[in-house]
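# Coordinate inspection notes
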Amino acid sequence: MQNTLHTEHYELQLAEKVNRLKGIMAPYAAPEPEIFSSPKSHYRMRAEFRLWHEGDDLFHIMFDKETKERIHIEQFPVASQLINQIMAELLPLIKQSELLRHKLFQVDYLSTLSNKLIVSLLYHKKLGDEWTYEAKKLKAALAAKGFDVQVIGRASKTKIMLDNDYVDEVLPVNGREMIYRQVENSFTQPNAQVNIKMLEWAIAATKGATGDLLELYCGNGNFSLALAQNFNRVLATEIAKPSVSAAQYNIEANNIKNVQIIRMSAEDFTQAMNGAREFRRLEGINLADYQCNTIFVDPPRSGLDDKTVQLVQEYDNILYISCNPETLSDNLSVLNKTHKIEKLALFDQFPYTHHMESGVLLTRR
């Protein structure tokens, strides 16, 4: 069975999102949103599939959310061309090895615009040297077919990587190639083309800014590095170790000298800024030295907690990227008392779904 997209409905679904965002933002006197569309197909750089064993055959499958019907997936137009290409080659190769296919229940794909891939094979069994030997043969066979791929095996409390557990993405941002290391099983922006538009919008929104930038939830430095050109210095926080390591690599790879990454949660950093606690991780960093007139936040779907909202209000300019306009609206009900919306944007990261990404620039009233 072949998964299909109704691309002829794309403009209609985007218009519905625009109207919904306008309605959510209406109480805050927001300006007309800038609209950033997605490619109509092959836009998603990540995909995960369960695997179904049927005799000697093996299939990528998904389950219908309503009927729970099992659907065989041969091609997946939501995913990148690169993922679709390797999907057609991977399972026939795996079927040649009883050891590779035995108790294999899921495959995760991560692709890049720079034509690199990670394939993660997930198992309900222990993995050891025999699996590694077979996986190396699989990687060599995929390389012979032209794929620049990392193969990773996962099982309970086990992760085996043949070479690396990351790939390096290269994004063209305002005419400059930006390198972003992406780590397997860590967060990355799912829609690379829309991510480029988000970065360019954020750069334009903060053009002419003064002082330093504070960023919470920086991930692998996706926004931190792109925005560094507009500020004297950038101080960024992130809690996940793999993301912090990737961000540190990305700083060096892009030859950026004015970004400092701190491994802390936004909540802990709020306490540090308020002087409520001292943290060993801040040794050698004098927060008082930073003249942060602008704060950037890209929180999880739950939005900002109350204490972080209070922290954010201390800054003259707030750049807020949200993957949930409802929690953004909840935060704005407080932020609107001290700040006004100067810019509003809709980024169609997730076509053909209810989800949408939005951005606001707020300045002090």
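Calculation criteria
Residues numbered from 1 in each chain as written. Predicted model: local features only at pLDDT ≥ 70, side-chain atom pairs only at ≥ 80, totals over all residues. Heavy atoms only, no water. Helix = DSSP H or I, 4+ residues; strand = E, 2+ residues; numbered from the N terminus. Expected span 1.5 Å × (residues − 1). Buried < 20%, exposed > 50% of the residue type's maximum accessible area, 1.4 Å probe, protein only. Arc of directions from axis to C-beta. Contact = heavy atoms within 4.5 Å. Phe/Tyr/Trp six-rings, centres within 6.5 Å; stacked < 30°, edge-to-face > 60°. Disulfide = S-S within 2.5 Å. 1 Å grid on protein atoms, 1.4 Å probe; cavity = no way out; pocket = protein on both sides within 12 Å on 5 of 7 lines; lining within 4 Å. Points joined across faces, edges and corners; volume = space filled by probe spheres on them. Nonpolar A, V, L, I, M, F, W, Y, C, P; charged D, E, K, R; others polar. Polar contact = N/O pair within 3.5 Å; in protein donor to acceptor, adjacent residues only side chain to side chain.

### With respect to helix α7 (residues 241-253)
For α7, spanning 13 residues, the distance from its first C-alpha to its last is 18 Å, which sits close to the expected 18 Å at 1.5 Å a residue. Among the residues of α7, S243, V244, A246, A247, N250 and I251 are the ones counted as buried. End-on, the buried residues of α7 take up no more than an arc of 165°, which puts them together on one face. Projecting away from the buried face of α7 at angles above 90 degrees are the exposed residues K241 and E252. Contacts from the buried residues of α7 go to β10 (176-183), α6 (222-227), β12 (234-238) and β13 (259-263). Phi turns positive, to about 55°, at N255, one or two residues after α7.

### Focus: the packing of aromatic side chains
Throughout the structure, instances matching the rule amount to eight aromatic pairs. Aromatic side chains F36 and F347 sit 5.2 Å apart centroid to centroid with 20° between the ring planes, which places their arrangement in the stacked category. Of this pair, F36 sits in strand β1 (residues 34-36) while F347 sits in strand β16 (residues 339-347), placing them 311 residues apart in sequence. Like F36, the residue F347 is buried in the burial classification. On the numbers, 6.1 Å between centres and 80° between planes, the contact of Y123 with W131 is edge-to-face. Looking at Y123, the relative accessible area reads 4%, which means it is buried. In textbook terms, an aromatic cluster arises when at least three aromatic residues are bridged by ring pairs, as seen for Y10, Y43 and Y352.

### Let's talk about the state of the cysteines
Going through the model one piece at a time under the given rule, you end up with zero disulfides. A disulfide-free cysteine, C218 has its sulfur positioned 13 Å from the sulfur of C292, the nearest such atom. Residue classification places C292 among the buried residues on the basis of a relative accessible area of 17%.

### Digging into empty space enclosed by the protein
Within this structure, the stated rule accounts for two cavities of 30 Å³ or more. Put simply, the largest cavity is a space of about 60 Å³. Elements supplying a minimum of two residues to the lining of the largest cavity: β5 (104-111), β9 (166-173) and α5 (192-205). Considering only residue class, the lining of the largest cavity consists of four nonpolar, four polar and one charged. Roughly 40 Å³ of volume is contained in the second largest cavity.

### Brief notes about helix α8 (residues 266-273)
Working note: α-helix, 3.6 residues per turn, so residues spaced by three or four point in the same direction. Here α8 has its buried residues at A266, F269, T270 and A272. Projected down its long axis, α8 carries its buried residues within an arc of 160°, all on one side. Contacts made by the buried residues of α8 are with β11 (212-216), β12, β13 and α9 (306-312). Looking at where α8 begins, the residue whose side-chain oxygen comes 3.0 Å from the main-chain nitrogen of D268 is S265. Positive phi shows up at G275, right after α8, with a value of about 75°.

### Topic: unusual backbone geometry
Non-glycine residue K68 carries a positive phi angle of around 65°. Position of K68 relative to the elements: it lies in the loop between β3 (57-63) and β4 (70-73). Backbone geometry at K103 places phi at a positive 60°, although glycine is not the residue there.

Everything listed here is a matter of geometry and, on its own, says nothing about what the molecule does.
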